[in-house]
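Chain by chain, the residues run as shown.
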Amino acid sequence: MLMNLFAEIDVSKLFGLALRTSIGVQAATFALAAVGLNLHYGYTGLLNFGVVAFMAAGAYGMAIFFTQGWLGGSILLAIASGLAFAVIIALSIGLPSLRLRADYLALTTIAIAEVLRISFRSQRLLDLTGGPFGLPSIEDRNANVSFADVITVDWNPIGKGNYGAWFLEFDEKTLWVMIIGWSLVSLASLLIWGLMRSPWGRVIKAIREDEDAARALGKNVFSYKLQSLIIGGVIASLAGIVRAFDMGFVETQQFRPQTTFFIWTVLILGGAASIWGPIIGSMTFWFVIIFSEELLRQMVDSGWIPEAILKSNDIASVRMILMGIMLATLMIWRPQGLVGKKEEAQIDVR
Amino acid sequence: MSDNKSSELGNVEPTPGSTKLDPILTIDNVVRSFGGLRAVDIDHLEVQRGIITAFIGPNGAGKTTLFNLITGFDKPDSGQWTFHQLANAKSWTTDLSGLRPHQIANKGMVRTFQLTKSLAKMTVLDNMLLGAAEQKGESLRNALFTSRWRQQENTILRKAEDLLERFKLSHMRDEYAATLSGGQRKLLEMARALMSEPKLILLDEPMAGVNPVLVESLLVHIENLRDEGVSVLFIEHDMDAIMGISDWIVVLAEGQVIAEGTPSDVSKNPAVIDAYLGSAIAEELKDV
Ligand SMILES: Nc1ncnc2c1ncn2[C@@H]1O[C@H](COP(=O)(O)OP(=O)(O)OP(=O)(O)O)[C@@H](O)[C@H]1O
Ligand SMILES: [Mg+2]
């Protein structure tokens, strides 16, 4: 039976697809969002359960500005307005809730993320956000016109064609967005590294450990938390923007709460409060997801798993169960995540 | 008690709410109730500059609550308190009521906590470095530019190492604060508060849980602090320690100041013996 299985599995495809996704744009955007969340949660201790609100703010802020043609519809100004929108979201979450207990912040972030998604979807904002259809409009999409064109076509320095080999072959558009995505991941990680080794970062970590201790030593905790929320939020919004350039459109389906939980998974998997955590976490996350999905698919297709037990339609949900089991196992065996500091994870909160 | 600073005190009346020659902190009509309980209810209290003042009183007397109020960690129902930054300068005073904790700390009035607040996942050294005030590198504008804060960081580092040495914590410098014992955390918290060079330091039971040998040296530290010009206000239950180093004692019971005076005044005061009635401390007081 087992011999039979090995004969049926296309190992090259299995690893090829998994590897392809783990270095792809999706992995880059998840890593980028996780870098932002890492500043919030890993370093400052802020429970942000609305990461996706920042991604949505970035993507929609950019897309609305561009499709409305404001100020001549410059793509750079459009990106800037996406980032500015993320700052507004950070302020509207932070100003009312950062002075309160930690759980209020958690609730506010969940609420704002959903309010944002549902408002973008609403018929009332149809002219601005495209409602349930998203942006660009259906006509533009049918005509293959998108805000992504400036970035992926006009400004693409890579000549038309396919690059790489095996399963790691990408067209010039994908490759260019991948380069942009991973460069932003590097820059953001570098920024966080620089900040966290400074006295500013020391105050941030102290707030995570004990706010009152920081206050008693004269640190304006509220202001630092707000700064952390804004910086992390802007980084996460870049993730939303990069994803919009990759997909060529934005719609509210991309910003459901489950994305927030995937990004939390990425961060915990890789290791919170470490510079490499979000990157390793995201690559591993996508590798495992695609690997298990592909493995299951091949097993179902080859009849090794009978239809009665698992149909190909259900694979997507089963891989999430596998992901959950893997995360639970990891937390028992390696609570600090793949690259987090072991000593820190072993310190129990007293 | 030969080393007591009677000169600063002059001939202050040993009565509740008495006027001091040169107060650093004045408290007026501060009231804080929890439900029906008046945890703190102080008409008038002055804390003399340049000396060691002890707050004593039975459990639940309102000592910690008073600390919380005057450092901004809790809000009173009513009342004002004023900080006098400069010696004998009635003009340069700051109304602290309504200020937030970090603002009060930045005026030079820094506290420690009865339940220690060590920053567990930071090293002992980082705990210390955090304590220093007015750090350039703590502002986002400068954080990324090492050259703007490196020099100050080095100065702070030397100060931190110096203090760690004095508090017998040097060997723990690079360990996580979580690995310290309860007593060592008390020491770390006090050393950390000193990093900011406060004018007035408020210590909530600094000796609780510290071993007797270290208590001895802690007492010496506190006396040295005073001699360096820092005003000290501390809450303690250990009568030997209180009688040993306090220049002035304020006795609280049920939220009110029931007595003030030098250690010998207080130990003779019948109201104090009453407040502690039945406890071992009452016996100790009689022996003083
Ligand atoms: N947050 C609170 N809510 C309700 N009651 C409180 C609160 N804080 C303090 N109290 C009450 O106020 C009174 C004074 O408490 P406080 O902690 O100030 O006493 P203390 O003098 O510091 O005592 P100890 O020597 O035991 O530390 C106590 O009766 C306590 O129960
Ligand atoms: Mg107390």
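Residues numbered from 1 in each chain as written. Chains lettered and ligands numbered in written order. Predicted model: local features only at pLDDT ≥ 70, side-chain atom pairs only at ≥ 80, totals over all residues. Heavy atoms only, no water.

Draft legend 1. Broad picture of the coordination of the magnesium ion (ligand 2). Residue and element names in this part refer to chain B. In this structure, Thr64 (OG1) and Gln114 (OE1) serve as the protein donors to the magnesium ion (ligand 2), at separations of 1.9 to 2.2 Å. Taken together, the positions of Thr64 in helix 2 (residues 63–70) and Gln114 in the loop between strand 6 (109–111) and helix 4 (124–131) put the pair 50 residues apart, joining distant regions of the chain. On the basis of relative accessible area, Gln114 is assigned to the partly exposed category, the value being 32%. (Donors = N, O, S within 2.8 Å, 3.2 Å for Na, K, Ca; no water. Helix = DSSP H or I, 4+ residues; strand = E, 2+ residues; numbered from the N terminus. Buried < 20%, exposed > 50% of the residue type's maximum accessible area, 1.4 Å probe, protein only.)

Draft legend 2. Quick peek at the environment of Gly72 of chain A. Considering the arrangement of structural elements, one finds Gly72 of chain A in the loop between helix 4 (51–68) and helix 5 (75–97). A C-alpha to C-alpha distance of 31 Å links Gly72 of chain A and Leu229 of chain A, two positions 157 residues apart in sequence.

Draft legend 3. Layout of the packing of aromatic side chains. All names here are of chain A. Applying the stated criterion to the full structure yields 19 aromatic pairs over all chains. Centre to centre, the rings of Tyr41 and Trp264 are 4.7 Å apart; their planes meet at 55°, and the pair counts as tilted. With Tyr41 in helix 3 (residues 25–43) and Trp264 in helix 14 (residues 257–270), the pair connects residues that are 223 residues apart, well separated along the chain. You can call Trp264 buried: its relative accessible area is 9%. Three or more aromatic residues joined by ring pairs make a cluster, and in this case those are Phe30, Phe262, Phe285 and Trp286. Looking at Arg197, its charged tip hangs above the ring of Trp193, at a distance of 4.6 Å from the centre. Cation over ring: Arg243 sits above Phe255, and NZ or CZ is 5.8 Å from the ring centre. (Phe/Tyr/Trp six-rings, centres within 6.5 Å; stacked < 30°, edge-to-face > 60°. Lys NZ or Arg CZ within 6 Å of the ring centre and 35° of its normal.)

Draft legend 4. Quick look at the pattern of salt bridges. Tallied over the entire structure, the rule returns 24 salt bridges over all chains. The shortest N-O distance in the salt bridge between Asp212 of chain A and Arg215 of chain A comes to 2.8 Å. Residue Asp212 of chain A and its partner Arg215 of chain A are located together in helix 12 (residues 211–216), separated by three residues, close to a single helical turn. In this structure Arg215 of chain A comes out as buried when scored by relative accessible area, which is 18%. Lys20 of chain B is the partner of Glu260 of chain B in a salt bridge, and the nearest nitrogen-oxygen pair spans 2.8 Å. Linking Glu260 of chain B in strand 10 (residues 256–261) with Lys20 of chain B in the loop between helix 1 (6–9) and strand 1 (23–34), this pair joins segments that are 240 residues apart in sequence. (Salt bridge = Lys/Arg side-chain N within 4 Å of Asp/Glu carboxyl O.)

Draft legend 5. Focus on the domain arrangement of chain B. All names here are of chain B. On domain assignment, one finds that chain B holds domain 1 (6–118 + 198–287) and domain 2 (122–179). Of the roughly 450 Å² buried between domain 1 and domain 2, counting both surfaces, carbon and sulfur atoms make up 55%. Among the residues of domain 1 in contact with domain 2, Ser118, Leu214 and His221 are the three that bury the most area, contributing 67% of the side total. Remark: the boundary between domain 1 and domain 2 carries one salt bridge. Residue Glu228 pairs with Arg166 through a salt bridge whose shortest N-O separation is 3.9 Å. Linking domain 1 with domain 2 are one residue pair in polar contact (both at pLDDT 80 or more). The class makeup of the residues in the side of domain 1 that touches domain 2 is two nonpolar, two polar and one charged. (Domains from an automatic or database assignment. Buried area = accessible area lost by both parts, 1.4 Å probe. Polar contact = N/O pair within 3.5 Å; in protein donor to acceptor, adjacent residues only side chain to side chain. Nonpolar A, V, L, I, M, F, W, Y, C, P; charged D, E, K, R; others polar.)

Draft legend 6. Here's a closer look at the site of ligand 1. Residues and elements named next belong to chain B. Taken together, 13 residues sit near ligand 1, with Asn59, Lys63, Thr64, Thr65 and His237 positioned nearest. Separating an oxygen atom of ligand 1 from a backbone N or O atom of Ala61 is a distance of 3.1 Å. Elements represented by at least two residues in the shell around ligand 1 include exactly strand 2 (37–48) and helix 2. Take the shell around ligand 1: its biggest share by element is three residues, from helix 2. Broken down by class, the residue content of the shell around ligand 1 amounts to four nonpolar, seven polar and two charged. (Near = heavy atom within 4 Å.)

Draft legend 7. Geometry of the sheet that holds strand 9 (residues 248–253) of chain B. All names here are of chain B. If you trace the six strands from one edge of the open sheet to the other, you get 6-7-8-3-9-10, paired in mixed fashion. The sheet is open, and its two edges are formed by strand 6 and strand 10, each paired on a single side. Mean inter-strand twist for the sheet, computed between neighbouring axes without regard to direction, equals 20°. Two elements, strand 6 and strand 7 (residues 200–204), share three bridges in a ladder whose sense is parallel. Bridge pairing in strand 7 links Arg111 to Leu202. In the packing of helix 2 onto the sheet, the strands contacted are strand 3 (52–56), strand 6, strand 7, strand 8 (231–235) and strand 9, and the crossing angle to strand 7 comes to about 145°. Against the sheet, helix 7 (residues 182–194) makes contact with strand 6 and strand 7, and its axis sits at roughly 165° relative to strand 7, the strand it touches most. (Pairing = 2+ DSSP bridges. Axes fitted to C-alpha atoms, helices over the stretch in contact; angles between N-to-C directions. Contact = heavy atoms within 4.5 Å.)

Draft legend 8. Representation of the packing of helix 3 of chain A against helix 15 (residues 277–301) of chain A. Residues and elements named next belong to chain A. Helix 15 packs onto helix 3 with a crossing angle of 140° between their chain directions and a minimal axis gap of 8 Å. Considered as vectors, helix 3 and helix 15 are oriented oblique to each other. Considering how the two elements wind past one another, helix 3 and helix 15 form a crossing that is right-handed. Contacts between helix 3 and helix 15 pair Gln26, Ala27, Phe30, Ala31, Ala34, Val35 and Asn38 from the former with Pro278, Ile279, Ser282, Phe285 and Trp286 from the latter. Among the residues making up the contact of helix 3 with helix 15, the classes are represented as nine nonpolar, three polar and no charged. (Parallel < 35°, antiparallel > 145°, perpendicular 65-115°, else oblique. Left-handed = near helix turned anticlockwise from the far one by under 90°.)

Draft legend 9. Quick look at the interface of chain B and chain A. With 34 residues of chain B at the contact, the number on the chain A side is 32 residues. Where chain B abuts chain A, roughly 3,000 Å² becomes buried across the two surfaces, and 63% of that area is made up of carbon and sulfur atoms. Viewed at the interface, chain A and chain B are joined by three salt bridges. A salt bridge links Lys219 of chain A to Glu138 of chain B; the nearest nitrogen and oxygen atoms lie 3.0 Å apart. At the junction of chain B with chain A, the criterion picks out ten residue pairs in polar contact (both at pLDDT 80 or more).

Draft legend 10. Summary view of the pairing of strand 8 of chain B. All names here are of chain B. Burial within strand 8 is extensive, with five of its five residues counted as buried. Neither face of strand 8 is open: one carries Ser231, Leu233 and Ile235, the other Val232 and Phe234, and all of them are buried. For strand 3 and strand 8, the ladder comprises four bridges, and the chain directions are parallel. Bridge assignment links Ala54 to a residue of strand 8, and that residue is Phe234. Pairing of strand 7 with strand 8, which is carried by five bridges, proceeds in the parallel orientation. The partner of Ile201 across the bridge, within strand 8, is Val232. Once the chain exits strand 7 it traverses helix 8 (residues 212–227) before rejoining the sheet at strand 8, and the crossover so formed is right-handed. (Right-handed = clockwise from strand over helix to strand, strands pointing away.)

Draft legend 11. Spatial organisation of the packing of helix 10 (residues 172–196) of chain A against helix 13 (residues 221–247) of chain A. Residue and element names in this part refer to chain A. Viewed as axis vectors pointing N to C, helix 10 and helix 13 meet at an angle of 175°, and their least axial separation amounts to 10 Å. In terms of orientation, helix 10 lies roughly antiparallel with respect to helix 13. Across the interface between the two elements, Val177, Gly181, Leu184, Ala188, Leu191, Ile192 and Leu195 of helix 10 pack against Ile231, Ile235, Leu238, Val242, Phe245 and Asp246 of helix 13. Within the contact of helix 10 with helix 13, the residues separate by chemical class into eleven nonpolar, one polar and one charged.

Draft legend 12. Representation of the sheet that holds strand 5 (residues 93–95) of chain B in the model. All names here are of chain B. Pairing is antiparallel in the open sheet, where four strands are placed in the order 2-1-4-5. Of all the strands in the sheet, just strand 2 and strand 5 have a single pairing partner and so form its edges. Adjacent strand axes in the sheet meet at a mean angle of 15° when their direction is disregarded. Both strand 4 (residues 78–84) and strand 5 contribute to a ladder of three bridges, which runs antiparallel. Among the inter-strand pairings, Thr82 is bridged to a residue of strand 5, identified as Asp95. Contacts from helix 2 reach strand 1, strand 2 and strand 4, with the element oriented near 115° to strand 1.

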